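# Coordinates in review
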Protein chains: 4
Amino acid sequence: MHNPGRATALRFAKAYPVVLLARKTESFQDTVSEINDAGGKALGIAADAADPQSVRAAFDKIKAELPDHKLAAAIYNVAAGFVRKPFLELSVEEFDASIDGSARGFFNFAQATLPLLLDAVSNSEHAPTLIATGATASVRGSASFGSLASGMFARRALSQSLAREFGPQGVHVAHAIIDGIIDIPRTSAFSANGGVEDGKISAHAIADSYWHLHSQPRSAFTQELDLRPFVEKF
Amino acid sequence: MHNPGRATALRFAKAYPVVLLARKTESFQDTVSEINDAGGKALGIAADAADPQSVRAAFDKIKAELPDHKLAAAIYNVAAGFVRKPFLELSVEEFDASIDGSARGFFNFAQATLPLLLDAVSNSEHAPTLIATGATASVRGSASFGSLASGMFARRALSQSLAREFGPQGVHVAHAIIDGIIDIPRTSAFSANGGVEDGKISAHAIADSYWHLHSQPRSAFTQELDLRPFVEKF
Amino acid sequence: MHNPGRATALRFAKAYPVVLLARKTESFQDTVSEINDAGGKALGIAADAADPQSVRAAFDKIKAELPDHKLAAAIYNVAAGFVRKPFLELSVEEFDASIDGSARGFFNFAQATLPLLLDAVSNSEHAPTLIATGATASVRGSASFGSLASGMFARRALSQSLAREFGPQGVHVAHAIIDGIIDIPRTSAFSANGGVEDGKISAHAIADSYWHLHSQPRSAFTQELDLRPFVEKF
Amino acid sequence: MHNPGRATALRFAKAYPVVLLARKTESFQDTVSEINDAGGKALGIAADAADPQSVRAAFDKIKAELPDHKLAAAIYNVAAGFVRKPFLELSVEEFDASIDGSARGFFNFAQATLPLLLDAVSNSEHAPTLIATGATASVRGSASFGSLASGMFARRALSQSLAREFGPQGVHVAHAIIDGIIDIPRTSAFSANGGVEDGKISAHAIADSYWHLHSQPRSAFTQELDLRPFVEKF
């Protein structure tokens, strides 16, 4: 039972050295160890995506540690800490936190990774790929989800815009709408879809779809797909 | 040839006292004078929507100057100053400016106006109305429009969420997608749609559609409509 | 308590002679009488929209009876009789009936009315208008609503296509998504939205929004709007 | 250079016996031979999807020839012969032909295949899968594309509805929006996207994405994805 970041790292580590970024080292250290212990190559760096300088410092470190490596894929997976509450009880700080994690962080991440992805276009097996993880709130502003939806709509807007700008340059920019509860330790107490088996999304399945996106040839890029459990209402 | 803020103010001033907020007094002073000179009632207040304190101060002033008035309608019309340029040339400050004007400002404006709109529900002729002005970039992330689209998608997300939360409480929250160039002094040099007559959107027509939204009974609220010139490609 | 066809006829009869088409005369005869008795001008013709010859015959009759009149507006409002049931219990005849009423009928109606609307472009007060009534099923294929959604998605597709082709020629083509139960005699037993007042859509409100669409100047056409009760979940 | 039907058949024939249905035997005979010659198992049956009896007869034949086989996947790939021309020059027969191929045929195909897919749910490696191929016209009614869009919107509506009804029963129903010109013999003369390499969609890439859809576990079904060349405007 892995979170999608870990599952995706494990999946891509079969083919590439991987770098994991997160605000806290405990978010990635087990995954980094697991990959390195299994003979793969992984590096973890603590960074705050919403802070452009922190992101820049992280990529300086990446370039120093992996000087000869091209960037094959970059996946933005930050879940904005979000508070579900009546709109009039929200603070502007809560709104800002949603924008920071969902959109501003993705802006910084895309600015750091796209030059490296562009560099890799000419001699990569698969088209260099930038994937942003979305959610139900990326396409629906539900009541009491205003701050989350604002950030996630913005992330999707940026993903679309980047696909239109960088696709013709050979970089595959995709957005995945994760519509359901992911089966991770933090959600183990939630009874999704009446507790039915497979009623939560397997993080490995997300990772497999991300790998499929990465493996698509440039004649047939997917910009957006959804992923949801078979029993999910939508 | 008016901008939509002015045209909307003139339209609503036929029925109500109106308050115009803008960062700079020159954005509203002519309109305020025109309404007051014609026997209506208008008030202009300089405020920065992206700054919660500035918005709060503006509404304190409104309550002092118009103590007995209910809020019939609130229209958020801020056009985020935006720079169209390749993504990798954008600064994070430009991204922030788009979010500030398009989304954070609307968040602050909605927090200030919704309590007053709720107060007016029980004894108003028309349902109290909160309208946000959108654009093509509200539903499409075009290449080189990433910062604009991020902010405008976020504004639309919040508008949807507020409609779902406050509609059942009797407040009509609507979003209008303005898909085309508005016929205002600033755009007079642009040749929209080959320069054909009526190829730009009349600000008065926007105002009339906003008044129509305001006049809809609560049995039939429109949450979203588009407005575009007859010759506009879409 | 009127159905939308009747309410719309009454609204437009304030400005124009109106013609009502329906398969059965009892669907329009009361409305025709009411308009004529009140000093307006109305004509009812029995016709089956899904049958091109029946539609042609109806328009031959209209041209004979109203030789000097231009067509100001044409509204397609047919509700396809539809059966909600599991997909594997549907017959292909039920599927065909949905397509016939929702899409094929609109195709025939548009072919009959667009030449007349085009004729009226150059000297009408308002842009000649073709409105198609949609529903929740126009934008969502719900379980057990497959036949209805197929027809209604198709109607919306055709409405969009016609807007893009005939808008630049001066005809306003619009589509209204009626998202909720309309307050008509046939639905009086349904308790929509917990029976709350105004929880069903007033047909008069629909008619007013259709008139607003008709009155929009060509610099600011709405192609699509939604209409739903303030308490409707969406 | 294969059409998507052939490429998909070749891809799925690596795992399963495959049956190809088409109106004309020449549409499938080469593919059937190629699969059988290579040691796979393929069967071709002439059938008209728009005709329920023809579809039923085809499936009777399938059950007789492959008595012990479960249906793992069913792919509806019919391209409705379509005429791009001004709306007022279209005949109702051309409209009907679009509906027949795009929607009515898919209705019949789904009614024939879903019972077999349901039968296969309990003991299949991958969730039984029903895929419908869509197009740009599935989500956009362009000028002069009204008949095509009507049929393709309807196909998408039905696909959505079936996903919601049969997903919870374990059948994966998906819709793929093919947004671009497919690289097949018939399109070899078209210069898509300025003739750039990979400017047309590889049918093999479509087949690979269809196989990926089929391989998704039921905890993470994709209902809809798009596929387009990296240089395609959208």
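As a reminder, the structure under discussion sits directly above these lines.
Note that the coordinates shown come from a computational prediction; the quantities given were computed from them, not determined experimentally. (Residues numbered from 1 in each chain as written. Chains lettered and ligands numbered in written order. Predicted model: local features only at pLDDT ≥ 70, side-chain atom pairs only at ≥ 80, totals over all residues. Heavy atoms only, no water.)

Attention shifts here to the relation of the copies chain B and chain A. The transformation that overlays chain B on chain A combines an axial shift of 0.0 Å with a rotation of 180 degrees, and the residual RMSD is 0.0 Å. Here the two chains are linked by the operation of a two-fold rotation axis. Looking at the interface residues of chain B, 100% of them are also at the interface in chain A, so both copies use one shared face. (Least-squares fit on C-alpha atoms with pLDDT ≥ 70 in both. Contact = heavy atoms within 4.5 Å.)

Residues separated by three or four positions in an α-helix point in the same direction, a consequence of the helix having 3.6 residues per turn. Over its 21 residues, helix α5 (residues 146-166) of chain D runs 30 Å from end to end, which matches the ideal 30 Å to within 8%, given 1.5 Å per residue. The element α5(D) is largely enclosed, with a buried count of 21 among its 21 residues. (Helix = DSSP H or I, 4+ residues; strand = E, 2+ residues; numbered from the N terminus. Expected span 1.5 Å × (residues − 1). Buried < 20%, exposed > 50% of the residue type's maximum accessible area, 1.4 Å probe, protein only.)

With 14 residues, helix α3 (residues 52-65) of chain A extends 20 Å from end C-alpha to end C-alpha; this agrees with the ideal 20 Å at 1.5 Å per step. When we look at burial in α3(A), the residues that qualify are P52(A), S54(A), V55(A), A58(A), F59(A) and I62(A). End-on view of α3(A): buried residues confined to an arc of 160 degrees, all on one side of the axis. Turned more than 90 degrees off the buried face of α3(A), the exposed positions are Q53(A), R56(A), D60(A) and A64(A). Contacts from the buried residues of α3(A) go to β1 (18-22), β2 (42-46) and α4 (92-119) of chain A together with α4 (92-119) of chain B. (Arc of directions from axis to C-beta.)

A few words on the environment of I182(D). Residue and element names in this part refer to chain D. Tracing the backbone through its elements, the reader meets I182 in the loop between β5 (172-178) and α6 (203-215). Overall, I182 belongs to the buried group, its relative accessible area being 18%. Here the alpha-carbon distance between I182 and A207, two residues 25 residues apart in the chain, equals 12 Å. Discounting chain neighbours no more than four positions away, the residues touching I182 are P4, T187, K200, I201, A203 and I206.

This paragraph deals with the packing of helix α1 (residues 4-13) of chain D against α6(D). Residues and elements named next belong to chain D. Between α1 and α6, the shortest axis-to-axis distance is 8 Å and the interhelical angle comes to 50 degrees. Here α6 runs oblique to α1, going by the angle between their axes. Like other packed secondary-structure pairs, α1 and α6 cross with a definite hand, here right-handed. Between α1, through P4, A7, T8, R11 and F12, and α6, the contact on the second element is made entirely by A203, H204, I206, A207, D208, Y210, W211 and H214. Looking at the contact of α1 with α6 residue by residue, the classes come out as eight nonpolar, three polar and two charged. (Axes fitted to C-alpha atoms, helices over the stretch in contact; angles between N-to-C directions. Parallel < 35°, antiparallel > 145°, perpendicular 65-115°, else oblique. Left-handed = near helix turned anticlockwise from the far one by under 90°. Nonpolar A, V, L, I, M, F, W, Y, C, P; charged D, E, K, R; others polar.)

This brings us to the pairing of strand β3 (residues 73-76) of chain C. Residues and elements named next belong to chain C. Of the two faces of β3, only the one carrying A74 and Y76 is buried; A73 and I75 on the other face are not. One ladder, built from four bridges, connects β3 with strand β4 (residues 129-135); its direction is parallel. Paired with Y76 across the strands is A132, a residue of β4. (Pairing = 2+ DSSP bridges.)

This part is about the interface of chain B and chain A. Residue-level contacts link 40 residues of chain B with 40 residues of chain A. Interface area, chain B with chain A, both sides summed: about 3200 Å², of which 67% is carbon and sulfur. When the buried surface of chain B facing chain A is broken down by residue, F87(B), F107(B) and F153(B) rank first, second and third, together holding 21% of it. For the interface between chain B and chain A, the tally reads two salt bridges. (Buried area = accessible area lost by both parts, 1.4 Å probe. Salt bridge = Lys/Arg side-chain N within 4 Å of Asp/Glu carboxyl O.)

This next bit is on the pattern of salt bridges. Taken as a whole and assessed by the stated rule, the structure comprises 32 salt bridges over all chains. D226(A) is paired through a salt bridge with R228(A); the nearest N and O atoms lie 3.9 Å apart. Taken individually, D226(A) and R228(A) each receive the classification buried, so the pair is uniform in this respect. A salt bridge links K85(B) to E94(B), with the nearest nitrogen and oxygen atoms 2.9 Å apart. A relative accessible area of 22% means that K85(B) is categorised as partly exposed. Each of D179(A), D226(A) and R228(A) takes part in one network of salt bridges that share partners.

What follows concerns the environment of H175(B). All names here are of chain B. Mapped onto the elements of the fold, H175 is located in strand β5 (residues 172-178). In this structure H175 comes out as buried when scored by relative accessible area, which is 1%. A distance of 2.8 Å separates polar atoms of two side chains, one belonging to H175 and the other to E224. (Polar contact = N/O pair within 3.5 Å; in protein donor to acceptor, adjacent residues only side chain to side chain.)

Relative to the helices and strands, R228(D) is located in the segment after β6 (224-227). A sequence separation of 128 residues divides R228(D) from D100(D), and the C-alpha atoms of the two residues are 26 Å apart. Non-local contacts of R228(D), meaning those with residues more than four positions away in its chain, are made with R218(A), S219(A), A220(A), F221(A), Q223(A), D179(D), I201(D) and F234(D). A polar contact is formed between the side chain of R228(D) and the side chain of D179(D), at a distance of 2.7 Å.

Residues L130(C), L162(C), L130(D) and L162(D) are the most contacted members of the largest nonpolar core, which totals 68 residues. Discounting chain neighbours no more than four positions away, the residues touching L162(C) are F106(C), A110(C), L114(C), L130(C), G167(C), V173(C) and F87(D). Counting residues in hydrophobic clusters, the runner-up holds 67 residues, among them I45(A), A103(A), L66(B) and A110(B). (Core = buried A, V, L, I, M, F, W, Y, C linked by side-chain atoms within 4.5 Å.)

So, about the packing of aromatic side chains. Each aromatic ring pair is characterised by the separation of its centres together with the angle its planes make. Throughout the structure, instances matching the rule amount to 32 aromatic pairs over all chains. For the ring pair F87(C) and F107(D), a centre distance of 5.2 Å and an interplane angle of 75 degrees mean the geometry is edge-to-face. Placement of the pair is F87(C) in the loop between β3 and α4 (92-119) and F107(D) in helix α4 (residues 92-119), with the two residues belonging to separate chains. Overall, the relative accessible area of 0% leaves F107(D) in the buried class. Ring geometry for F166(C) against F87(D): centres 6.3 Å apart, planes inclined by 85 degrees, an arrangement best described as edge-to-face. Taken together, the residues F166(C) in helix α5 (residues 146-166) and F87(D) in the loop between β3 (73-76) and α4 connect one chain to another. Look at F87(D) and you get buried, because its relative accessible area is 2%. Here the aromatic cluster, defined as three or more aromatic residues joined through ring pairs, consists of F59(A), Y76(A), F106(A) and F109(A). The lysine or arginine in question, R228(A), covers the ring of F234(A), its NZ or CZ lying 3.8 Å from the ring centre. (Phe/Tyr/Trp six-rings, centres within 6.5 Å; stacked < 30°, edge-to-face > 60°. Lys NZ or Arg CZ within 6 Å of the ring centre and 35° of its normal.)

Residues and elements named next belong to chain B. Closest axis-to-axis distance for the α4/helix α5 (residues 146-166) pair is 7 Å, and the angle between their directions is 15 degrees. It follows that α4 is roughly parallel to α5 by the angle criterion. You can see that α4 and α5 cross each other, and the crossing is right-handed. Contact with α4, carried on its side by E94, F95, S98, I99, G101, S102, A103, F106, F107, A110, L114 and L118, involves S147, L148, S150, G151, M152, A154, R155, L158, S159, L162 and F166 of α5 and no other residues of that element. Taken together, the residues of the contact of α4 with α5 sort by class into 14 nonpolar, seven polar and two charged.

Tracing the backbone shows S142(B) in the loop between β4 (129-135) and α5. A relative accessible area of 17% places S142(B) in the buried class. Those residues in contact with S142(B), other than ones at most four positions away along the chain, are S161(A) and R164(A).

So, about the side chain of T133(B). Residue and element names in this part refer to chain B. Along the polypeptide, T133 turns up in strand β4. On the basis of relative accessible area, T133 is assigned to the buried category, the value being 11%. Side chain to side chain, T133 and Y210 meet in a polar contact 2.6 Å long. Those residues in contact with T133 that sit more than four places away from it in its chain are Y76, N77, M152, R155, A176, I178 and Y210.

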